[in-house]
Amino acid sequence: MKKIYLSIMLLVGLLASCDMDKTPYGSLDENTAIQGMNDIARFRNMVYTSLRGKTAGGWISYQDIQMDEFHGIISNGNRVGEFSNGQITSSQSDIETMFASCYSSIATANSLIEKTEMLINSGNFSEEEVAEIKRYQGEAYFLRGFCYFFLADHFCQPYTAELGKKEHSGMPIVLKYEPSGDVTTYPSRATLDETYALIESDLNKAYTELKAYETATNAAIEPNAAYLNSYAVSAMQARVALVKGDYTTALAKAKEVINSGKYELADEEEYLNMWSKDESPEVIFRPFMSNTEGLISTGGAYTASKTFDSADYIATFETLCLYPEGDIRFDAFFTQWALNVEGSKYGSFVFLKYPGNESLRVTTENNYVNMAKAFRLSETVLIAAEAAARTNNLDDANKYLNAIRAARIYEWEETKYTTANILSEILLERECELLGEGFRMSDLRRLNQGFQRYGSHEENPQLDNIIVATGRELKYEKGDYRFTWPIPKTEMDANPNLAGQQNPGY
């Protein structure tokens, strides 16, 4: 297998500095002594450090800000402005950071897979210890598949069967950590089919190992888990299959989670607590975070006001209108503030889906930090609804759509949708439920849809005076090249084997 030596960045939130000569943060090299369970468990923690970072902050807010649901405020200092205003380039620093960080985590996963395999085959451990080591190996496979999926869903064009076979349509694939200064050994881009085959293989291996561990140890599986389990893997497999258009697999894996009985859709009080206190019976996987470790603000991308009078981004009027009367999500996601912009006050609904968890504050001031809800039952139910609709299973599609609406809308009366309207209703519900969670760009990509931001704030016309003009009515036609992020210029320059393989438009 060819080697890769991509720029590696250590994330703090989403900002980083790069040193091409450093071993990836948390990776295991040949000089690292790993002899016992404590050694491998310590390095296993790096899997969760990576997952915590990649499920919060700019990793889920930037692509939503890039699409049609939010407007920038003129006082935001152009923070995230390149995304919001449609000015994506191959030199964009946050895109460089995310690309490099994915490969840093892939290097960590590759090392952990190799080292765990060595320990498993050593004959030095008990049956119980081997089961635990295989669990760690499964987690490493999950991390690698997770990172390659992020790369495929952001840095490759949307999947089609035709594109999947096209040369250099996927990502450079690295299965072994072997840094080298020999540029002739750096990999070129694989096909998209090869990239997805690796993602699916890694997730299958993760599922097998974690399921085996759970069976062998009779492990308790409960909501709000800080560690991966087989149901989190199934939820990820359903997500990948939906994006790829494999609706049969998407439905089967989503049903596996739903039918487990381990998770329940939150009621009104539980739903509010999910966002403010990070606890809910529907959270499948929630990477650990504390006020002394791993603080990453997701809400800060929209507002970081300590005096409740400023915001960087607010929802468009069209976004506010997504929610019908009696929808508990409107009160959960939005609050009214008087924004102070250049000395004047403007009444606005501020997006506060990530209001900050008091237990994660370092001081008494709100830092808008919440634990990431990486996988939730509601997303999985929506995947099941869409996959059922697309495979002509109208009964299941109706069942799942009505379940979501009954949980989110006061006095919801069950409705029987037809093949003519059920898919559009499911996609509308998906937008309502997953607002600000990083899915909007992926959804518009896979659906081959464009957008134009609604430019007027009819809830308060004075807000029109403080919206960044460049992005106010931003329009992407379907298939717009900016739906796919560029391979960073730093990578194109460092790897001669990527020549001629940049994404179209850059």
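Owing to the predicted nature of the structure, the values given are computational and were not obtained by experimental measurement.

1. Brief notes about the overall build of the chain
Next up, step 1: A tally of regular secondary structure across the chain gives 17 helices and eight strands.
Next up, step 2: Against the 2.2 N^0.38 benchmark of 23 Å for 506 residues, the chain shows a C-alpha radius of gyration of 22 Å, consistent with a compact globule.
Next up, step 3: Oriented by its inertia axes, the alpha-carbon framework of the chain measures out at about 70 × 50 × 50 Å.
Next up, step 4: Counting the 506 residues in the chain, one finds 58% classified as buried.
Next up, step 5: Across the chain, contacts joining residues at least 24 apart in sequence account for 73% of those joining residues at least 6 apart.
Next up, step 6: Summed over its atoms, the accessible surface of the chain is roughly 20300 Å², and 47% of this surface lies on carbon and sulfur atoms.
Next up, step 7: In the chain, 47 positive and 71 negative side-chain charges are present, and the distance between their average locations comes to 3 Å.

2. Details of the pattern of salt bridges
Next up, step 1: Taken as a whole and judged by the stated rule, the model has 38 salt bridges.
Next up, step 2: A salt bridge links Lys-253 to Glu-256; the shortest N-O distance between them is 3.2 Å. Taken as a pair, Lys-253 and Glu-256 lie in helix H9 (residues 247–258) at a separation of three residues, close to a single helical turn.
Next up, step 3: Its relative accessible area of 13% is what places Lys-253 among the buried residues.
Next up, step 4: Through salt bridges that share partners, Glu-282, Asp-327, Arg-329, Lys-353, Arg-376, Arg-405, Arg-408, Glu-425, Glu-429, Glu-433 and Glu-437 make up one connected network.

3. Looking at unusual backbone geometry
Next up, step 1: Its identity is not glycine, yet Glu-342 carries a phi of approximately 55°, on the positive side.
Next up, step 2: Structurally, the position occupied by Glu-342 is in the loop between strand S4 (334–341) and strand S5 (344–351).
Next up, step 3: The backbone phi angle of Glu-411 is positive, close to 50°, even though this residue is not glycine.
Next up, step 4: Relative to the elements of secondary structure, Glu-411 occurs in the loop between helix H14 (394–408) and helix H15 (422–433).

4. Digging into a negative patch on the surface
Next up, step 1: Judged by side-chain charge, Asp-267, Glu-268, Glu-269 and Asp-331 come together as a negatively charged surface patch.
Next up, step 2: Along the chain, the position of Asp-267 falls in the loop between H9 and helix H10 (268–276).

5. Details of H14
Next up, step 1: Helix length check: H14 (15 residues) gives 21 Å between terminal C-alpha atoms against 21 Å at 1.5 Å per residue, within 8%.
Next up, step 2: All of the buried residues along H14 are Asp-396, Ala-397, Asn-398, Tyr-400, Leu-401, Asn-402, Ile-404, Arg-405, Ala-407 and Arg-408.
Next up, step 3: At its buried positions, H14 is contacted by H9, H10, helix H12 (328–333), strand S6 (375–376), helix H13 (377–390) and H15.

6. With respect to the packing of helix H8 (residues 230–244) against H9
Next up, step 1: Remark: H8 packs on H9, axes separated minimally by 8 Å, with the N-to-C direction vectors making an angle of 155°. Judged on the interaxial angle alone, H9 and H8 are roughly antiparallel. Relative to H9, the crossing made by H8 is left-handed. Contact with H8, carried on its side by Tyr-231, Ser-234, Ala-235, Gln-237, Ala-238, Ala-241 and Leu-242, involves Tyr-247, Thr-249, Ala-250, Lys-253, Ala-254, Glu-256 and Val-257 of H9 and no other residues of that element.
Next up, step 2: Here the residues of the contact of H8 with H9 sort into nine nonpolar, three polar and two charged.

7. A word on the environment of Leu-322
Next up, step 1: Its place among the elements puts Leu-322 in the loop between helix H11 (317–320) and H12.
Next up, step 2: A relative accessible area of 15% places Leu-322 in the buried class.
Next up, step 3: Expressed as a C-alpha distance, the spacing of Leu-322 and Glu-429, which sit 107 residues apart in the sequence, is 8.8 Å.
Next up, step 4: Discounting chain neighbours no more than four positions away, the residues touching Leu-322 are Leu-428, Glu-431 and Cys-432.

8. Regarding the pairing of S5
Next up, step 1: Pairing geometry for S4 and S5, over eight bridges, is antiparallel. Bridge pairing in S5 links Leu-339 to Tyr-346.
Next up, step 2: The antiparallel hairpin formed by S4 and S5 contains two residues in its connecting segment, where Glu-342 sits at a positive phi of about 55°.

9. Here we look at the nonpolar core
Soluble globular proteins: nonpolar side chains tend toward being buried together.
Next up, step 1: Counting 124 residues, the largest nonpolar core has Phe-142 and Tyr-148 as its most contacted members.
Next up, step 2: If you tally residues by element for this core, the top one is helix H5 (residues 127–155), at 15 residues.
Next up, step 3: Excluding residues that lie within four positions of it along the chain, Tyr-148 makes contacts with Tyr-103, Ile-106, Met-171, Pro-172, Ile-173, Val-174, Leu-198 and Ile-199.
Next up, step 4: Of all hydrophobic cores here, the second largest spans 13 residues; its members include Trp-337, Leu-339, Tyr-346 and Ile-467.

10. Focus: helix H1 (residues 37–53)
Next up, step 1: For H1, which comprises 17 residues, the first-to-last C-alpha distance of 25 Å matches the rise-based estimate of 24 Å (1.5 Å per residue) to within 8%.
Next up, step 2: All of the buried residues along H1 are Met-37, Ile-40, Phe-43, Arg-44, Met-46, Val-47, Tyr-48, Ser-50, Leu-51, Arg-52 and Gly-53.
Next up, step 3: The secondary structure elements touched by the buried residues of H1 are helix H2 (58–66), helix H4 (93–120), H5 and strand S2 (283–285).

11. Observations regarding the environment of Gly-145
Next up, step 1: Positionally, Gly-145 belongs in helix H5.
Next up, step 2: The spacing of Gly-145 and Arg-472 is 327 residues in sequence and 36 Å in space, taken between C-alpha atoms.
Next up, step 3: Residues in contact with Gly-145, not counting those within four places in the same chain, are Ile-199 and Asp-202.

12. Notes on the packing of aromatic side chains
Next up, step 1: Here the structure, examined in full by the defined rule, presents 35 aromatic pairs.
Next up, step 2: A ring pair is formed by Tyr-476 and Phe-483, whose centres lie 5.2 Å apart and whose planes are at 80°; its orientation type is edge-to-face. Residues Tyr-476 and Phe-483 agree in their burial class; the two are buried.
Next up, step 3: Members of the aromatic cluster, connected to one another through ring pairs, are Phe-70, Tyr-271, Trp-275, Tyr-302, Tyr-323, Phe-330, Phe-333, Phe-334, Phe-349, Phe-351 and Tyr-354.
Next up, step 4: The aromatic ring of Phe-43 is capped on one face by Arg-42, whose charged end is 4.4 Å from the ring centroid.
Next up, step 5: The residue whose ring lies beneath Lys-253 is Tyr-207, and the NZ or CZ to ring-centre distance is 4.0 Å.

13. Some details on the packing of H5 against helix H7 (residues 192–217)
Next up, step 1: Running from amino to carboxyl end, H5 crosses H7 at an angle of 155°, the nearest separation of the two axes being 8 Å. What the angle tells us is that H5 and H7 run roughly antiparallel. Considering the relative orientation of H5 and H7, their crossing is left-handed.
Next up, step 2: Partitioning the contact of H5 with H7 into residue classes produces 14 nonpolar, four polar and eight charged.

Basis of the calculations
Residues numbered from 1 in each chain as written. Predicted model: local features only at pLDDT ≥ 70, side-chain atom pairs only at ≥ 80, totals over all residues. Heavy atoms only, no water. Helix = DSSP H or I, 4+ residues; strand = E, 2+ residues; numbered from the N terminus. Rg over C-alpha atoms; globule rule 2.2 N^0.38 Å. Buried < 20%, exposed > 50% of the residue type's maximum accessible area, 1.4 Å probe, protein only. Contact = heavy atoms within 4.5 Å. Areas by Shrake-Rupley, 256 points an atom, 1.4 Å probe, with all protein chains shown as cover. Lys, Arg positive; Asp, Glu negative; His and termini not counted. Charge placed at Lys NZ, Arg CZ, Asp CG, Glu CD. Salt bridge = Lys/Arg side-chain N within 4 Å of Asp/Glu carboxyl O. Patch = residues over 30% accessible without salt bridge, like charges linked within 9 Å, V, L, I, M, F, W, Y side chains within 5 Å. Expected span 1.5 Å × (residues − 1). Axes fitted to C-alpha atoms, helices over the stretch in contact; angles between N-to-C directions. Parallel < 35°, antiparallel > 145°, perpendicular 65-115°, else oblique. Left-handed = near helix turned anticlockwise from the far one by under 90°. Nonpolar A, V, L, I, M, F, W, Y, C, P; charged D, E, K, R; others polar. Pairing = 2+ DSSP bridges. Core = buried A, V, L, I, M, F, W, Y, C linked by side-chain atoms within 4.5 Å. Phe/Tyr/Trp six-rings, centres within 6.5 Å; stacked < 30°, edge-to-face > 60°. Lys NZ or Arg CZ within 6 Å of the ring centre and 35° of its normal.

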